[in-house]
Amino acid sequence: MKCQHCKKQAILKSPRLCEDHFVEYFERKIGKFLDKYKIKNKKLLVAISGGKDSVVVSYVLSKLKEKFNLQIEYFFIRLGIPVFTEKSEEIATKVTESINYPLTIYDLKKEEGFTIMDIKYKPCSYCGMIRRYILNKYAFENDFDYVVLGHNLDDEVFFIFNNMFNKNITQLQRTGPLTQTIKDKKLVGRIKPLYFLTEQEILLYAKLKNLPYVGCACPNSLESTQKKFKKDIEFSRDQKLNIVYSILEMKKYLPEEKVELKFCEKCGFPTTSDTCKFCRTKEKILSTL
Ligand code: SF4
Ligand code: ZN
Ligand code: ZN
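Residues numbered from 1 in each chain as written. Chains lettered and ligands numbered in written order. Predicted model: local features only at pLDDT ≥ 70, side-chain atom pairs only at ≥ 80, totals over all residues. Heavy atoms only, no water.

(A) Here's a closer look at the coordination of the zinc ion (ligand 3). Each protein donor to the zinc ion (ligand 3) is listed here as Cys 264 (SG), Cys 267 (SG), Cys 276 (SG) and Cys 279 (SG); together their distances run 2.2 to 2.4 Å. Its four donor atoms give the zinc ion (ligand 3) angles of 104 to 114° at the centre, a pattern that matches the tetrahedral case. In the primary structure, the donors to the zinc ion (ligand 3) are separated according to the pattern C-x2-C-x8-C-x2-C. You can see Cys 264 sitting in the loop between strand S6 (262-263) and strand S7 (270-271) and its partner Cys 279 sitting in helix H10 (residues 277-288), a full 15 residues away along the chain. By relative accessible area, Cys 264 is classed as buried at 4%. (Donors = N, O, S within 2.8 Å, 3.2 Å for Na, K, Ca; no water. Tetrahedral: all angles 85-135°; square planar, octahedral: opposite > 155°, others 65-115°. Helix = DSSP H or I, 4+ residues; strand = E, 2+ residues; numbered from the N terminus. Buried < 20%, exposed > 50% of the residue type's maximum accessible area, 1.4 Å probe, protein only.)

(B) Inspection of the site of ligand 1 at higher detail. Taken together, Ile 116, Cys 124, Cys 127, Arg 131, Cys 218, Asn 220 and Ser 221 make up all the residues around ligand 1. Class assignment for the residues of the shell around ligand 1 results in four nonpolar, two polar and one charged. (Near = heavy atom within 4 Å. Nonpolar A, V, L, I, M, F, W, Y, C, P; charged D, E, K, R; others polar.)

(C) Quick peek at the packing of aromatic side chains. Applying the stated criterion to the full structure yields 16 aromatic pairs. Ring plane angle 50° and centroid distance 5.9 Å describe the contact between Phe 22 and Phe 26, whose orientation is recorded as tilted. In this pair, Phe 22 and Phe 26 both sit in helix H1 (residues 19-36), four residues apart, roughly one turn of the helix. With 6.2 Å between their ring centres and 55° between their planes, Tyr 59 and Tyr 205 make a pair best called tilted. Within this pair, whereas Tyr 59 is found in helix H2 (residues 52-64), its partner Tyr 205 is found in helix H7 (residues 199-208), the two being separated by 146 residues in sequence. Neither residue differs from the other here; Tyr 59 and Tyr 205 are each classed as buried. (Phe/Tyr/Trp six-rings, centres within 6.5 Å; stacked < 30°, edge-to-face > 60°.)

(D) Representation of the coordination of the zinc ion (ligand 2) in the model. At 2.1 to 2.4 Å from the zinc ion (ligand 2) lie its protein donor atoms, namely Cys 3 (SG), Cys 6 (SG), Cys 18 (SG) and His 21 (ND1). Coordination at the zinc ion (ligand 2) is tetrahedral: its four donor atoms span angles of 103 to 115° at the metal. For the zinc ion (ligand 2), all donor residues lie on one chain, and their spacing in sequence is C-x2-C-x11-C-x2-H. With Cys 3 in the segment before H1 and Cys 18 in the segment before H1, the pair connects residues that are 15 residues apart, well separated along the chain.

(E) Examining the UniProt feature "binding site: Zn(2+) 1" (unreviewed entry) in the chain more closely. Per the UniProt record, "binding site: Zn(2+) 1" (unreviewed entry) is annotated on Cys 3, Cys 6, Cys 18 and His 21. Of the residues just listed, which span 19 residues, no C-alpha pair is farther apart than 8.5 Å, and they cluster in one region. Discounting chain neighbours no more than four positions away, the residues touching Cys 3 are Lys 8, Gln 9, Ala 10, Arg 16, Leu 17, Cys 18 and His 21. If we skip the residues at most four places from it in the chain, His 21 touches Cys 3, His 5 and Cys 6. (UniProt positions renumbered as here; feature names shortened; annotations may be inferred. Contact = heavy atoms within 4.5 Å.)

(F) Examining the layout of surface pockets more closely. If you add up the space inside the second largest pocket, you get close to 400 Å³. Along the walls of the second largest pocket sit 19 residues, with Asp 154, Thr 198, Gln 200, Phe 235 and Lys 240 positioned nearest its centre. Those elements that provide at least two residues to the lining of the second largest pocket are helix H6 (153-165), H7, helix H8 (225-232) and helix H9 (237-250). Among the elements that make up the lining of the second largest pocket, the one with the highest residue count is H7 (four residues). Residue composition of the lining of the second largest pocket, by class: six nonpolar, four polar and nine charged. (1 Å grid on protein atoms, 1.4 Å probe; cavity = no way out; pocket = protein on both sides within 12 Å on 5 of 7 lines; lining within 4 Å. Points joined across faces, edges and corners; volume = space filled by probe spheres on them.)

(G) Broad picture of the pairing of strand S3 (residues 103-107). Pairing geometry for strand S2 (residues 71-78) and S3, over five bridges, is parallel. For Phe 75, the partnering residue across the bridge sits in S3 and is Thr 104. Handedness of the β-α-β unit built from S2, helix H3 (residues 84-98) and S3 comes out right-handed. (Pairing = 2+ DSSP bridges. Right-handed = clockwise from strand over helix to strand, strands pointing away.)

(H) Local environment of the UniProt feature "binding site: Zn(2+) 2" (unreviewed entry) in the chain. Here the UniProt feature "binding site: Zn(2+) 2" (unreviewed entry) sits at Cys 264, Cys 267, Cys 276 and Cys 279. Across 16 residues in sequence, these annotated residues keep their C-alpha atoms within 8.3 Å of one another, forming a single compact spot. In contact with Cys 264, not counting residues within four places along its chain, are Phe 269, Thr 271, Asp 274, Thr 275, Cys 276 and Cys 279. Turning to its location among the elements, Cys 276 is positioned in the loop between S7 and H10. Judged by its relative accessible area of 3%, Cys 276 is buried.

(I) How the structure looks around H9. With 14 residues, H9 should cover 20 Å at 1.5 Å per step; its first-to-last C-alpha distance of 20 Å lies within 8% of that length. Considered for burial, the residues of H9 that qualify are Arg 237, Lys 240, Leu 241, Ile 243, Val 244 and Ile 247. The buried residues of H9 occupy one face: seen down the axis, they fall within an arc of 155°. Among the structural elements, H1, H6 and H7 are those in contact with the buried residues of H9. (Expected span 1.5 Å × (residues − 1). Arc of directions from axis to C-beta.)

Rendered as structure tokens:
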């Protein structure tokens, strides 16, 4: 099987590209994303977890930073999950050192008084919310234009189906490659430069560029619904792209989520109730320690 652009051996079926053309295609796709969503002259907070997605997005953005005049800071949250957190931090440090960038480390225990291991019931359902809260707060207080996340095409397809299986139609409004910053609501926008790239493409890029990433999974993720979904349902790359393009088109016709935001009486960040979910969760965890 030959590359669609040259005579070299193709390393991937779809798109059918050789090593060099694949790397070029991959980086061009992220460049196109930045162009399309006007991510130029911006200050970005990149959340690096040490996983393949965040490592790859960190690396490619460092290559594109001059072209798009980006100011970048890398941010790692020390969750306090034995072995997993240490390994992840080691990778995040190694990657940021190799691209010559400082890494800001946010120690959950030191800053908030607890670790993810202190959550005894379904830690994953709180962990995501906690990370989102911390990233938004830090980005807002330090005047960032966007938080960069490593979500890929497979994650988005899972998000779409999971919400459809659970009849959460209004939640589908939340999918998308970016959200806008709303300064007076203290909300910093989020961008997902890997939104149109599959997990397979990301793994291949990491391998070709010899990028390190955390091999071991978080012990809490072993039985995640997302893992089961990815094992049970298989789509081709084009089918995955068509699913997200269709949903992005359908979003125009979906009802808007009607949420009235106010500010948390404890921390001052946006919430739909008097106290935000982060403050309520934190209080509950601290009371059990
Ligand atoms: Fe957090 Fe769960 Fe992911 Fe572990 S698997 S990092 S606890 S969301
Ligand atoms: Zn080629
Ligand atoms: Zn709060």
